[in-house]
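# Report on the structure
These are the residues of each chain, in order.
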Amino acid sequence: QFVNPEQPGYVGFANLPNQVHRKSVKKGFEFTLMVVGESGLGKSTLVNSLFLTDLYPERLIPTAAEKINKTVKIETSSVEIEERGVKLRLAVVDTPGFADAIDNKDCFNAILSYIDEQFERYLHDESGLNRRNIVDNRVHCCFYFVNPAGHGLKPLDIKFMKAIHNKVNVVPVIAKADTLTKREVEKLKKKIMDEIADNGIQIYTLPDCDSDEDEDYKEQCRQLKGAIPFAVVGSNAVIEVKGRKVRGRMYPWGVVEVENPEHCDFIKLRTMLITHMQDLQEVTQEIHYENFRSDKLANGGGGGERTQRKSKYRNKLDSVDKEEKLSEKDRQLQEKEAELRRMQDMIAKMQAQMAKPAPAPAPTQPQQNGAPPAGKGLRSDAIVTREQCKQMKSGSHQQTL
């Protein structure tokens, strides 16, 4: 006999979140993080510190001579992390060579192209026939590293953030915060936020807390919002301090602990990334991807099977129209060539007739008494005097007698 596991009067739809949880855990999660910044700011070290893994085991640091002709490249490293039965496929997109050249006005075009390519690939997969196993390679978050020695944002930082803030969630990060004092960090944070607001840059903001949330979560969100931009320090070395092992950096004047909130914002950055990872994916899906999709469809794009068939049919019609136009042009050219040949033949005949010599005049027989031949008049070049006329008359009269 089937036994109801619940108490009487309990329907059971309160277990729906547990079903979603089991399904999500079984499927796993996907997240793509992009790190952008100048070389030497500790991007790779910070990423390895965030996820307690080594994403770049075989990376070679280029020399100064190799950096001269180096351009911006896109390097993607993927790793599967499992924690308490939850699997996460993490993809980290690195951009070595960014801001290393003398002229950096177009150094971020490769980054923008990569983000658009991932949107285009997802749109093509979403519009295709097989939509079950779509791999989401879209960039969900971008850590932009600001140089702590720059006294604020550089023109390149502002230009890049304005070009990318409509495509991805931008989180500004102050690298190597251990080179600054607490007062300098607070001053630099305020200046960066003022420059971001003055230039109209839209960075990622944490969602507002609901009224039914507990006070601890509200306080956590408030502290995370106040910590932007995050001043972080990254390190993979484990140091023993006062009998306990911590990750940090050792200096002659002391030890900087990476996971100590009093030393840097590393813990706050990781908490923001982990606790709001689902919100980052939703903002990417509902805002950035939808904007790209609407623009693509408005311009006649799409990438689906139907669009491909339409494009093939349109190309076929265009080819037929081109062939018809070419045949019509050929016919007109043939008619013009035939007419031109007829005119050339007529001109050749006329020139041949004009080139023939004129026939010589027949010789005239002299008449008696100087009279002109019968039926013909005098020549136009003959000059007849009055005496000659009298002689001609007298001669004709004698002949008559």
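Residues numbered from 1 in each chain as written. Predicted model: local features only at pLDDT ≥ 70, side-chain atom pairs only at ≥ 80, totals over all residues. Heavy atoms only, no water.

## A short note on the overall build of the protein
Helix and strand counts for the protein stand at 10 helices and nine strands. Put simply, the protein has 401 residues, and 31% of those count as buried. At a minimum sequence separation of 6, the contacts of the protein that also span at least 24 residues come to 70%. Carbon and sulfur atoms provide 51% of the accessible area of the protein, an area that totals close to 28,000 Å². (Helix = DSSP H or I, 4+ residues; strand = E, 2+ residues; numbered from the N terminus. Buried < 20%, exposed > 50% of the residue type's maximum accessible area, 1.4 Å probe, protein only. Contact = heavy atoms within 4.5 Å. Areas by Shrake-Rupley, 256 points an atom, 1.4 Å probe, with all protein chains shown as cover.)

## Thoughts on the packing of aromatic side chains
Using the criterion set out here, one finds eight aromatic pairs in the structure. Pairing Y144 with F160 gives two aromatic rings, centres 5.2 Å apart and planes at 25°, and the pair type is stacked. Here F160 lies in helix α4 (residues 155–164) and Y144 lies in strand β4 (residues 141–146), a separation of 16 residues in the sequence. Residue placement shows R138 over the ring face of Y122; its charged tip is 3.8 Å from the ring centre. Note that R138 overlies the ring of Y289, its terminal NZ or CZ placed 4.9 Å from the centroid. (Phe/Tyr/Trp six-rings, centres within 6.5 Å; stacked < 30°, edge-to-face > 60°. Lys NZ or Arg CZ within 6 Å of the ring centre and 35° of its normal.)

## Focus: the sheet that holds strand β5 (residues 170–174)
Read across the open sheet, the six strands follow the order β2-β3-β1-β4-β5-β6; overall the sheet is mixed. The sheet is open, and its two borders are formed by β2 (75–83) and β6 (230–231), each paired with just one other strand. Here strand β1 (residues 29–36) runs beside β4; their pairing, made up of four bridges, is parallel. Bridged to V35 within β4 is F143. Contacts from α4 reach β1, β4 and β5, with the element oriented near 170° to β4. (Pairing = 2+ DSSP bridges. Axes fitted to C-alpha atoms, helices over the stretch in contact; angles between N-to-C directions.)

## Focus on the sheet that holds strand β7 (residues 238–241)
Across the sheet, three strands lie side by side as β7-β8-β9; this open sheet has antiparallel pairing. Edge positions in the sheet fall to β7 and β9 (254–257), since each has one partner strand and no second. Direction aside, the axes of adjacent strands within the sheet are offset by 70° on average. One ladder, built from four bridges, connects β7 with strand β8 (residues 244–251); its direction is antiparallel. Along β8, the bridge assignment pairs V238 with R247.

## Notes on the packing of helix α2 (residues 43–51) against helix α7 (residues 266–275)
Running from N to C, α2 and α7 point in directions that differ by 65°, and their axes come no closer than 11 Å. By the angle class used here, α2 and α7 are roughly perpendicular. You can see that α2 and α7 cross each other, and the crossing is right-handed. Contacts between α2 and α7 involve L46, S49, L50 and F51 from the former and F266, L269, R270, L273 and I274 from the latter. Of the residues contributing to the contact of α2 with α7, the split by class is seven nonpolar, one polar and one charged. (Parallel < 35°, antiparallel > 145°, perpendicular 65-115°, else oblique. Left-handed = near helix turned anticlockwise from the far one by under 90°. Nonpolar A, V, L, I, M, F, W, Y, C, P; charged D, E, K, R; others polar.)

## Re the pairing of β2
Note that β2 and strand β3 (residues 86–94) share nine bridges and pair antiparallel. Note on β3: the bridge partner recorded for S77 is V92. Taken together, β2 and the strand that follows it, β3, pair antiparallel across an intervening segment of two residues, in which R84 is found at a positive phi of about 55°.

## A few points about the confidence of the model for the protein
Confidence in the prediction of the protein, expressed as mean pLDDT, is 78, and 75% of residues score 70 or more. Confidence drops under pLDDT 50 across residues 396–401; counting only partners more than four residues distant or on other chains, this segment forms one contact. (pLDDT = per-residue confidence, 0-100.)

## Points about the pairing of β9
Here β8 runs beside β9; their pairing, made up of four bridges, is antiparallel. Considered in β9, the bridge of M250 is made with V255.

## Focus: helix α1 (residues 16–27)
The end-to-end C-alpha distance of α1 is 17 Å, a good match for the 16 Å that 12 residues give at a rise of 1.5 Å each. For α1, a buried count of zero out of 12 residues is recorded, marking the element as mostly open to its surroundings. Positioned one or two residues after α1, G28 has a phi angle of 95°, which is positive. (Expected span 1.5 Å × (residues − 1).)

## What about the nonpolar core?
With 75 residues, the main nonpolar core has F98, I111 and F143 as its most contacted residues. Looking at this core element by element, the count peaks at seven residues for helix α3 (residues 109–126). (Core = buried A, V, L, I, M, F, W, Y, C linked by side-chain atoms within 4.5 Å.)

## Things to note about the pattern of salt bridges
One pass over the full model with this rule turns up 14 salt bridges. Between D116 and K167 there is a salt bridge; the shortest N-O distance is 3.1 Å. Here D116 is found in helix α3, whereas its partner K167 is found in the loop between α4 and β5, with 51 residues between them in sequence. By relative accessible area, which is 25% here, D116 ends up partly exposed. Between R293 and E290 there is a salt bridge, and its shortest N-O distance comes to 3.9 Å. Note that R293 and E290 are positioned in helix α8 (residues 277–298) at a spacing of three residues, about one turn of the helix. (Salt bridge = Lys/Arg side-chain N within 4 Å of Asp/Glu carboxyl O.)

## A short note on the environment of E80
One can find E80 in strand β2. Spatially, the C-alpha atom of E80 lies 6.1 Å from that of L90, the residues being 10 residues apart in sequence. In contact with E80, other than residues within four places in its own chain, are L88 and R89.

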